[in-house]
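# Observations on the model geometry
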Amino acid sequence: MLNVIMIGPQGSGKGTQSELLSERLGLPMVSVGQLLRAETDRQTGLGREIDRYLKSGELVPSDIIRHVIKDRLGDQDTDQGVVLDGYPRTVEQAETLDEIMTGLNRHVTHAIYLDISDETAVNRISGRRVCSNHRCGLNYHATLNPPKREGVCDSCGHALTVREDDNPEAIRQRLSLFHEKSQPLADYYERRGILHRFDGNKEIADVSRDILGILRDR
Ligand code: AMP
């Protein structure tokens, strides 16, 4: 069983690589950002609270995330494994994930770390487009990973948009949060011997091949 988590700054290609891995390995991809954005669509009290964090680029409080993730990992389609995009983002969340996984008789098998410079990250994010249908939420890039028809999602046909938190101020905030809170995750998984680092500056297909190489050798 493969339970893979993806670690990397915004713009490192985490979402795109998660989508590719999910497709190639036949495992569901669980994107926390996508689950949160879907919750904001429902216009519930919780959705409105989440929306405030998303707009500012701050991390959503851990108890909300725990609830969302625990619920999703309880779904039957994750029984055979999962690709987790955007969770955990802090060591505290990694500990919570361990608890949730243990409760389900599973464990994290691989932590994939995508390394890129802040400069590349900002350049990539400025070209990012996402599917406006939050249940689909596929990622594209205006030039590096364009859809087949301009402005339209290949998978569900909804319009592509620029994410509200992909503005310079929120991007800076998210990158600084990554360095402060998410980089320590690398040590956490390295100590366990399941951290695998990849050069995220390479082209999408090359990074994907590198990652699949180690997953297939498992
Ligand atoms: P992403 O789509 O992964 O870039 O996430 C978008 C936003 O969702 C982040 O800027 C946070 O506000 C929130 N978010 C996603 N994952 C987490 C997490 N693990 N913990 C807290 N907030 C999160």
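Heads up: these notes are all about the structure in this document.

### A word on the site of the ligand
Lining the immediate surroundings of the ligand are 17 residues, of which Glu58, Val60, Gly86, Arg89 and Gln93 lie closest. For the ligand, an oxygen atom lies 2.5 Å from a polar atom in the backbone of glutamate 58. Glutamine 93 is positioned with one of its side-chain polar atoms (N or O) 2.8 Å from a nitrogen atom of the ligand. Protein chains bury 97% of the 490 Å² of accessible surface belonging to the ligand in isolation. In terms of residue count, the dominant contributor to the shell around the ligand is helix α2 (residues 32-41) (four residues). When the residues that make up the shell around the ligand are grouped by side-chain class, the tally is seven nonpolar, four polar and six charged.

### Observations regarding empty space enclosed by the protein
One simple way to see leftover space: roll a probe sized like a water molecule over the atoms. Tallied over the entire structure, the rule returns one cavity of 30 Å³ or more. For the largest cavity, the calculated volume is near 50 Å³. Lining of the largest cavity is provided by Met6, Ile7, Gly8, Gln10, Lys14, Gly86, Tyr87, Pro88, Arg89, Phe178, Ser182 and Leu185. When contributions to the lining of the largest cavity are tallied by element, the ones reaching two or more residues are β1 (2-7) and α7 (168-182). Its residues assigned to classes, the lining of the largest cavity comprises six nonpolar, four polar and two charged.

### Remarks on the pattern of salt bridges
Under the criterion given, the structure shown has 17 salt bridges. Put simply, arginine 42 and glutamate 39 hold a salt bridge, and the shortest N to O gap is 2.8 Å. For glutamate 39, a relative accessible area of 14% puts it in the buried group. Salt bridges sharing partners connect three or more residues here, namely Arg128, Arg163, Asp165, Asp166 and Arg174.

### Considering the nonpolar core
Among the nonpolar cores identified, the biggest contains 30 residues, and Ile5, Ile7, Leu36, Ile69, Leu84, Leu97 and Tyr189 are the most heavily contacted of them. Contributing elements (two or more residues each) for this core: β1, α2, α3 (45-56), α4 (62-73), β3 (81-85), α5 (91-103), β4 (110-115) and α8 (184-191). A total of five residues in this core trace back to one element, the largest contributor, which is α4. Once you skip the residues sitting within four places of it in the chain, isoleucine 69 turns out to touch Val30, Val32, Leu84, Tyr87 and Ile100. Residues Val4, Leu21, Leu27 and Leu212 belong to the second largest nonpolar core, which totals 13 residues.

### Description of the sheet that holds β4
Within the open sheet, the five strands sit side by side as β2-β3-β1-β4-β8. Their pairing is parallel. Pairing within the sheet leaves two strands with one partner each, and these edge strands are β2 (29-31) and β8 (195-199). Across this sheet, the average inter-strand angle for adjacent strands is 20 degrees, counted without regard to direction. Judged from the four bridges that link them, β1 and β4 form a sheet pairing that is parallel. Looking at β4, one finds that isoleucine 5 is bridged to alanine 111.

### Focus: helix α1 (residues 14-25)
In this model, α1 (twelve residues) spans 16 Å end to end at C-alpha, consistent with the 16 Å of a helix rising 1.5 Å per residue. Counting buried positions over the twelve residues of α1 gives nine, a clear majority of the element. Looking at the buried side of α1, the elements it contacts are β1, β2, β3, β4, β6 (139-141) and α9 (204-216). Of the residues trailing α1, glycine 26 is marked for its positive phi of about 70 degrees.

### Regarding the pairing of β4
Of all six residues in β4, five are buried, a share of seventy percent or more. Looking at chain direction, β4 and β8 are connected through five bridges and run parallel. Residue pairing across strands places alanine 111 opposite leucine 195, the latter belonging to β8.

Procedures and definitions
Residues numbered from 1 in each chain as written. Predicted model: local features only at pLDDT ≥ 70, side-chain atom pairs only at ≥ 80, totals over all residues. Heavy atoms only, no water. Near = heavy atom within 4 Å. Polar contact = N/O pair within 3.5 Å; in protein donor to acceptor, adjacent residues only side chain to side chain. Areas by Shrake-Rupley, 256 points an atom, 1.4 Å probe, with all protein chains shown as cover. Helix = DSSP H or I, 4+ residues; strand = E, 2+ residues; numbered from the N terminus. Nonpolar A, V, L, I, M, F, W, Y, C, P; charged D, E, K, R; others polar. 1 Å grid on protein atoms, 1.4 Å probe; cavity = no way out; pocket = protein on both sides within 12 Å on 5 of 7 lines; lining within 4 Å. Points joined across faces, edges and corners; volume = space filled by probe spheres on them. Salt bridge = Lys/Arg side-chain N within 4 Å of Asp/Glu carboxyl O. Buried < 20%, exposed > 50% of the residue type's maximum accessible area, 1.4 Å probe, protein only. Core = buried A, V, L, I, M, F, W, Y, C linked by side-chain atoms within 4.5 Å. Contact = heavy atoms within 4.5 Å. Pairing = 2+ DSSP bridges. Axes fitted to C-alpha atoms, helices over the stretch in contact; angles between N-to-C directions. Expected span 1.5 Å × (residues − 1).

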